[in-house]
Amino acid sequence: MSILISNREVANNVYLLTVEGNYQGAIGQFYMLRAWGNYPVLSRPISIFNREEGKIQFLYKVFGEGTGFISRLKPGDEIGLEGPFGNGFPHIERKVAMIGGGIGIAPFYYAAKQMPWADVYLGFGQEPYLVDEYKEVAANVVVNVGGRVLDELDVDVYDAIFVCGPHGMMHATYEKAKFSKADVYVSLEKRMACGVGACLVCSVICQNGNKRACADGPVFLATEVNFDAENGL
Ligand SMILES: Cc1cc2nc3c(=O)[nH]c(=O)nc-3n(C[C@H](O)[C@H](O)[C@H](O)COP(=O)(O)OP(=O)(O)OC[C@H]3O[C@@H](n4cnc5c(N)ncnc54)[C@H](O)[C@@H]3O)c2cc1C
Ligand code: FES
């Protein structure tokens, strides 16, 4: 178990959790978080927001019981972290756009620290949060509130585009960029159980059969994903 340093509400129902300890993890990887006993049965997957000497941070939105429970934790409380899991985003030393929609902005803080030359696009439905923090680590931050952040993107400028957010936004990014030179990488959110590739709960329909979001992803090249079949689920 690890000890909470802080659990700050940065916007309505959105929290920045800081946990003590030295943790591993690459951009786009995730941990399974657990702060309860037997129920809920499953731990909850949350992306690495930031990690540095002595601490790791997660940015999460309260949806249901698990995230609700975590949001009530106080400094000094204990939390279980298992990970890091999954295959994250590649490190690309060319022109990169990182597009986050809503809580999908979470992986791109640490990603921008690793690739400070990237342009970061943050899309919020209503209240924006942590924009100043992103501006401290990224060369160029574009913020859209209440509209479509994707409309701000000139796909022809980029060699790679990273997307995390609502499924429709990731599909739309792929459609917008599919005839450009940019490789599009999407981070897919699936319900997860084991988190390590054993249970197949997190299957993603790909062009060459099913893959596991937890072990083969959560980051996939958009060309691998069968969006039409996934949209029908
Ligand atoms: C690889 C990965 C990384 C993630 N990173 C983050 C992150 O950085 N920050 C963050 O806030 N959330 C993240 N999520 C989503 C997060 O795991 C879910 O919101 C959380 O598990 C919900 O748990 P709950 O007990 O609060 O809600 P539940 O009571 O289990 O469900 C409440 C609602 O959330 C939906 N939901 C539950 N699990 C998921 C899921 N895995 N994906 C999409 N919808 C779900 C349910 O359909 C339901 O409508 C990530 C998910 C994955 C798969
Ligand atoms: S969550 Fe079990 S295989 Fe992915």
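A. Geometry of the overall build of the chain. Secondary structure assignment for the chain yields 5 helices and 15 strands. Against the 2.2 N^0.38 benchmark of 17 Å for 233 residues, the chain shows a C-alpha radius of gyration of 17 Å, consistent with a compact globule. Along the first, second and third principal axes, the C-alpha set of the chain runs to 50 × 40 × 30 Å. Taken over 233 residues, the chain has a buried fraction of 41%. A separation threshold of at least 6 residues defines the contact pool for the chain, and within that pool the share at least 24 residues apart is 56%.

B. Structural context of the domain arrangement of the chain. Annotation of the chain at the domain level lists domain 1 (2-85), domain 2 (89-187) and domain 3 (190-233). The centre of domain 1, based on its C-alpha atoms, is set 23 Å off from the matching centre of domain 3. Looking at the side of domain 1 that touches domain 3 residue by residue, the classes come out as 5 nonpolar, 1 polar and no charged.

C. Geometry of the site of ligand 1. Neighbouring ligand 1 are 22 residues, the closest being Ser 47, Gly 64, Gly 66, Thr 67 and Ala 106. Among the secondary structure elements, those contributing two or more residues to the shell around ligand 1 are β4 (44-47), β6 (55-61) and α1 (65-71). Grouping the amino acids of the shell around ligand 1 by side-chain chemistry returns 11 nonpolar, 5 polar and 6 charged. Each of domain 1 (2-85) and domain 3 (190-233) contributes no fewer than three residues to the shell around ligand 1.

D. Broad picture of the sheet that holds strand β15 (residues 219-221). In spatial order, the strands read β10-β9-β8-β11-β12-β15; together these 6 strands make up an open sheet with mixed pairing. Two strands in the sheet have a free side with no partner beyond their single neighbour: β10 (140-145) and β15. When strand polarity is set aside, the average angle formed by the axes of neighbouring strands in this sheet is 20°. Sheet topology note: the strand β8 (residues 96-101)/strand β9 (residues 119-124) ladder contains 5 bridges and is parallel. Across the sheet, the residue bridging to Gly 101 is Gly 123, located in β9.

E. View of the nonpolar core. Among the nonpolar cores identified, the biggest contains 69 residues, and Met 98, Ile 99, Ala 112, Val 120, Ile 161 and Phe 162 are the most heavily contacted of them. Once residues lying within four places of it in the same chain are set aside, the contact partners of Val 120 are Met 98, Phe 108, Ala 112, Tyr 134, Ala 138 and Val 141.

F. Geometry of the sheet that holds β4. Judged by pairing direction, the sheet is antiparallel, and its 7 strands sit side by side in the order β4-β3-β7-β1-β2-β6-β5 without closing on themselves. The open sheet is flanked by β4 and β5 (50-52), the only strands paired with a single partner. For this sheet, the mean inter-axis angle between neighbouring strands, taken without regard to orientation, is 35°. Sheet analysis places strand β3 (residues 30-34) next to strand β7 (residues 78-85), joined by 4 bridges and oriented antiparallel.

Conventions used here
Residues numbered from 1 in each chain as written. Chains lettered and ligands numbered in written order. Predicted model: local features only at pLDDT ≥ 70, side-chain atom pairs only at ≥ 80, totals over all residues. Helix = DSSP H or I, 4+ residues; strand = E, 2+ residues; numbered from the N terminus. Rg over C-alpha atoms; globule rule 2.2 N^0.38 Å. Buried ≥ 20, exposed ≤ 12 C-beta atoms within 10 Å, placed from the backbone. Contact = placed C-beta atoms within 7 Å. Domains from an automatic or database assignment. Nonpolar A, V, L, I, M, F, W, Y, C, P; charged D, E, K, R; others polar. Near = placed C-beta within 6 Å. Pairing = 2+ DSSP bridges. Axes fitted to C-alpha atoms, helices over the stretch in contact; angles between N-to-C directions. Core = buried A, V, L, I, M, F, W, Y, C linked by C-beta atoms within 7 Å.

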